[in-house]
Amino acid sequence: MKTMAQKIASGFLRNRFRLAQAAGALLFAVTAPLMAQELTVIRVGTLIDGKGGVLRSATVVVDEGKIKSVGQASAGRVTYDFPQFTLLPGLIDTHVHIDTHFGKSGRVVREGEPPQESILYAAENAYTMLINGFTTTQSIGSRLDLDLRAATARGMLPGPRLLTSIAPVDEHTGTPDQIRQFVRKVVADGADVIKIFASKSIREGGGQTLTQAQIEAACDEAKTLGRRTWVHAHADSAVKAAAAAGCWSVTHGSQVTDATLAFMAERGTFFEPNIGLLLQNYIQNKDRYFGIGNFNEAGFAFMEKGISLNLDMFKRAIRVKGLKLVMGTDAGAGAHGKNAQEIIYRVQNAGQPAMDAIIGATSLAAEALGMKDTIGIVAPGYEADLIAVDGDPIKDVTALRRVVFVMKDGHIYKNVAAGTRR
Ligand SMILES: [Zn+2]
């Protein structure tokens, strides 16, 4: 049993904003141990539920980390009153590289850094993502993710719920049998998802690298083990091969044709393109990346061309009926915390309706992570992952940059709402 002091200390660490409330509840608990804990009542001007619904003047009640009820605002005790803000599910980025960072030299770090330094940078990235409204993310992926995943799950270190692929299948993994063996190994090591490189990097032209048999082996073995697959593919042939093999999701797709987009929709393959943050971030930070691996002049030339290629591809993709377009940024060093830029770009530059883009970052993203019954929607029984933004993102999508309140798992990690009142 924890002592009272330990309980108060852990309450403080879990949520310093609510220390006074926690201490009060503990004192009360001494005299009335059977009394139920107080509910958190959030009243908002606008609620976007994550699956296409909008409610004006809404109340969301949170109990023990879960959403208890959602309804019209009514008179009564309110814990947080945000009449001028919009509440929505915590945002989800299905593709980041959470440990990537610019190190002491100011340049991107690839190797040779002490692990204690690397993990602290990863923790900073996790914190930055969370306070910018992202309560869940999938890292694709690194070994360090395992420790970060465990630390954030303990509830002390502020960061999004984290899923990881640990290490990828690529053209060096081997024969179909060796690929199956590799998939079994990363699943045993704790992978939530299997990353597969089926094509080259965009900096090397993006041509297909794995055969149909290799892709099939990876996706089939993962499915047998109850894991999803996330296939990196630029070349149209690689995207098509992944969809044909029954892989779960394709990322990038810069060279995909209309026929293959329609084929993905038909196969139910999730599609996670990155058009608004990734390449722009590399180009903005060219001096911090240049000279490392394929970050050379040719690589940067491919990326410059990639921006318009991606925009054209996305404009075609939003016209494909039934295509499951999910939000993912592929964020690396320099891009963490700016993840919402991908949603904003999709709406402002490619013309995706704001509601569709938000669904792609909430309920549909949750489905892509295999978590559709627990996160991504504001509804009774779902995890209390909620954010408030200053403005209505349906009318002005840049409101997603103005996150004033972040709750994850019922705990409040950010509340600057009072300072923004007009
Ligand atoms: Zn990636």
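The notes below deal with the structure included here. (Residues numbered from 1 in each chain as written. Predicted model: local features only at pLDDT ≥ 70, side-chain atom pairs only at ≥ 80, totals over all residues. Heavy atoms only, no water.)

1. Notes on helix 7 (residues 236–244)
Helical geometry: 3.6 residues make up each α-helical turn, so side chains three or four residues apart lie on a common side. Within helix 7, the full set of buried residues consists of Asp236, Ala238, Val239, Ala241, Ala242 and Ala243. Where helix 7 is buried, its residues contact helix 6 (212–224), strand 9 (228–233), strand 10 (249–252) and helix 8 (258–267). Gly246, located one to two residues past helix 7, shows a positive phi value of around 75°. (Buried < 20%, exposed > 50% of the residue type's maximum accessible area, 1.4 Å probe, protein only. Helix = DSSP H or I, 4+ residues; strand = E, 2+ residues; numbered from the N terminus. Contact = heavy atoms within 4.5 Å.)

2. Topic: unusual backbone geometry
Between Ile140 and Gly141 the backbone carries a cis peptide bond, its omega angle lying at -20°. Looking at the secondary structure, you find Gly141 in the loop between strand 6 (134–139) and helix 4 (144–153). Backbone geometry places His252, a non-glycine residue, at a positive phi of 80°. Considering the arrangement of structural elements, one finds His252 in strand 10. Not every positive phi belongs to a glycine, and Asp409 is a case in point at roughly 60°. Along the chain, Asp409 turns up in the loop between strand 14 (403–408) and strand 15 (411–415). Residue Asp409 is classed as partly exposed on the basis of its relative accessible area, which comes to 30%.

3. Brief notes about the layout of surface pockets
A volume near 1200 Å³ is recorded for the largest pocket. Considering the residues around the largest pocket, the lining is formed by 47 residues, among which His97, Arg110, Ile140, Phe197 and Arg203 are closest to the centre. The residue inventory of the lining of the largest pocket, partitioned by class, reads 14 nonpolar, 22 polar and 11 charged. (1 Å grid on protein atoms, 1.4 Å probe; cavity = no way out; pocket = protein on both sides within 12 Å on 5 of 7 lines; lining within 4 Å. Points joined across faces, edges and corners; volume = space filled by probe spheres on them. Nonpolar A, V, L, I, M, F, W, Y, C, P; charged D, E, K, R; others polar.)

4. Topic: the nonpolar core
Membership of the largest hydrophobic core comes to 44 residues, with the highest contact counts inside it found for Ile194, Val231, Met264, Phe271 and Leu323. Of all the secondary-structure elements, those providing two or more residues to this core are helix 5 (176–189), strand 8 (193–197), helix 6, strand 9, helix 7, helix 8 and helix 11 (297–317). Residues within four places of Ile194 in sequence aside, it is in contact with Val169, Val183, Val186, Val187, Ala222, Arg227, Arg228, Thr229 and Trp230. (Core = buried A, V, L, I, M, F, W, Y, C linked by side-chain atoms within 4.5 Å.)

5. Observations regarding the sheet that holds strand 8
Read from one edge to the other, the open sheet built from 5 strands follows the order 8-9-10-11-12, with strand pairing classed as parallel. Edge positions in the open sheet fall to strand 8 and strand 12 (324–325), since each of these has one partner strand only. Sheet analysis places strand 11 (residues 270–272) next to strand 12, joined by 2 bridges and oriented parallel. Within strand 12, the residue paired with Phe270 across the bridge is Lys324. Contacting strand 8 and strand 9, helix 6 runs over the sheet at an angle of about 160° to strand 9. (Pairing = 2+ DSSP bridges. Axes fitted to C-alpha atoms, helices over the stretch in contact; angles between N-to-C directions.)

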